[in-house]
Each structure stands twice: as structure tokens, then as C-alpha cells.
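What follows is each chain in one-letter form.
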Amino acid sequence: DRSDYRIFPRLNKDDKINLPVLALHQGTFDTINKKQNNKEYDHAIGVSSSVSYKNGFFSKEKIHIPQIDFTCDVSDSSLLEVVGFSKYYAGLKEGHVVNSGGSYHVYGNNTINIFEWDKFMNKLSVDPYKMVNPDWVKAQIKRKFSMLRVTASKGKPKPVVVAYFN
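What you see is a predicted model; the values in this text were computed from it and never measured.

Overview of the overall build of the protein chain
Now for step 1: What the protein chain contains, in helices and strands, is four helices and 10 strands.
Now for step 2: Listing the helices and strands of the protein chain from first to last along the sequence gives β-α-β-β-β-β-α-β-β-β-α-α-β-β.
Now for step 3: Within the span of the protein chain, comprising 166 residues, buried residues form 40% of the whole.
Now for step 4: For the protein chain, the proportion of contacts with a sequence separation of at least 24, taken over those separated by at least 6, is 73%.
Now for step 5: When the accessible area of the protein chain is evaluated, it comes to approximately 9,600 Å², of which 54% is carbon and sulfur surface.

Details of the pairing of strand β10 (residues 160-165)
Now for step 1: In terms of residue burial, β10 counts as a mostly covered element, since five of its six residues are buried.
Now for step 2: Of the strand pairs in this sheet, strand β6 (residues 95-99) and β10 are connected by five bridges, and their pairing is antiparallel. The residue of β10 that forms the bridge with V97 is A163.

Points about the sheet that holds strand β4 (residues 60-64)
Now for step 1: Strand order in the open sheet made by the three strands is β3-β4-β8, with antiparallel pairing throughout. The sheet terminates laterally at β3 (50-54) and β8 (112-113), the two strands that pair on one side only.
Now for step 2: Here five bridges tie β3 to β4, and the two strands are oriented antiparallel to one another. When the bridges of β4 are listed, S50 appears paired with H64.

Quick word on unusual backbone geometry
Now for step 1: Here the phi dihedral of K130 falls at roughly 60°; this positive angle occurs in a residue that is not glycine.
Now for step 2: By relative accessible area, K130 is classed as exposed at 63%.
Now for step 3: One non-glycine residue, K144, lies in the positive phi region at around 70°.
Now for step 4: Along the chain, K144 falls in the loop between α4 (134-143) and β9 (147-149).
Now for step 5: Judged by its relative accessible area of 59%, K144 falls in the exposed class.

Conventions adopted
Numbering of residues begins from 1 in every chain and follows the order in which that chain's sequence is written. Under the rules for a predicted model, residues below a pLDDT of 70 receive no local features and side-chain atom pairs below 80 are neither given nor counted, while totals for whole chains, interfaces and linings still include all residues. Each side-chain value is worked out from all heavy atoms of the structure, with water and hydrogens disregarded. A helix here means a DSSP run of H or I that spans at least four residues, while a strand means a run of E at least two residues long, and both kinds are numbered starting from the N terminus. The cut-offs for exposure are 20% and 50% of the maximum accessible area for each residue type, with area from a 1.4 Å probe on protein chains only; residues under the lower value are buried, those over the upper are exposed, and the others partly exposed. Contact between two residues is taken to exist if any of their heavy atoms lie within 4.5 Å; hydrogens are not considered. Each accessible area is a Shrake-Rupley estimate made with a 1.4 Å probe; only the visible protein chains count as cover when residues are assessed. Strand pairing is assigned whenever DSSP detects at least two bridges linking the two strands.

This is the structure:
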């Protein structure tokens, strides 16, 4: 039981977590998946953390969407642990939790600069709770951006938004 060594408080379903599926975000996932015509593909479409935007007239700045790939099972108690970890260990103020089939993905609703992203990913790499996929973290750090699947692929179901937290 992970509750024995958690530093974040135990969450209840009443603790600022909305469990209904968010139509706007789930609608986006559904649109992408419909374009695949429900076929199984060897590859999936993913959302990259890396975002470029114009900061002034000439300069472009790269920022990131915080993302986390978890390894825990899909259950009500795991969902509460994912939200608690995301808020109290990873430091996300708000975000969406997606059931990826075997576990969960989290997308933060804020953006962070490259230095904050490096710090965020390095913190995930030393996860004392063993909730985050260490191979995923290593691969994302190596390529200097993260990516999470938003479509079905061979052997993996379509991801579904299951919660929003703030």
C-alpha cells in the first residue's frame, strides 16, 4: 500500500477533483481516433510537450506542456494517487488525467520553460513512489521533449479523459 510512504495528503473524491469526462477534451481525442477509422496501427499519434510561440516581433520561445506517464493499475484508488502525486510531488496546479488502457497519463494545464521542464523531468526520474514509468522519463529527457499517445495503436486502446484536477 503506497499510503505508508506518501508525502502528499490522501485525497478523497470530494477534494477538488472532477471525475466526469470533459467533453471538449474527450471530443478532441474522439475526432483524432475517428480519423483512424477504428483500425489498429503499429504507430500512434501523440501530443508533444514542446510548443513554440512568438515572443515579440522576431524571437521565438520554446515552452513545454508538463506530461507524466504512470505505471500504476487503473482503479479508483490509483486515480486518487495519480492526482495526489501530480499535485503534491510533481507540483502541477491543474491538469487532466487520461486512462491510457493499462495506466494513466497526465497533461498539465500550464506551460513551463525549458529550464523548468528539465527540473520537472529530473524530479520525475527520481520518483520515490515508483509511480512514473522510468523508461519513458529517460527517453523523454534524452530527446529533450516529452510525448504521450492520444490515439489507439496496436494492442493499446484509445485513451480516455477521466478526470480534471485543480
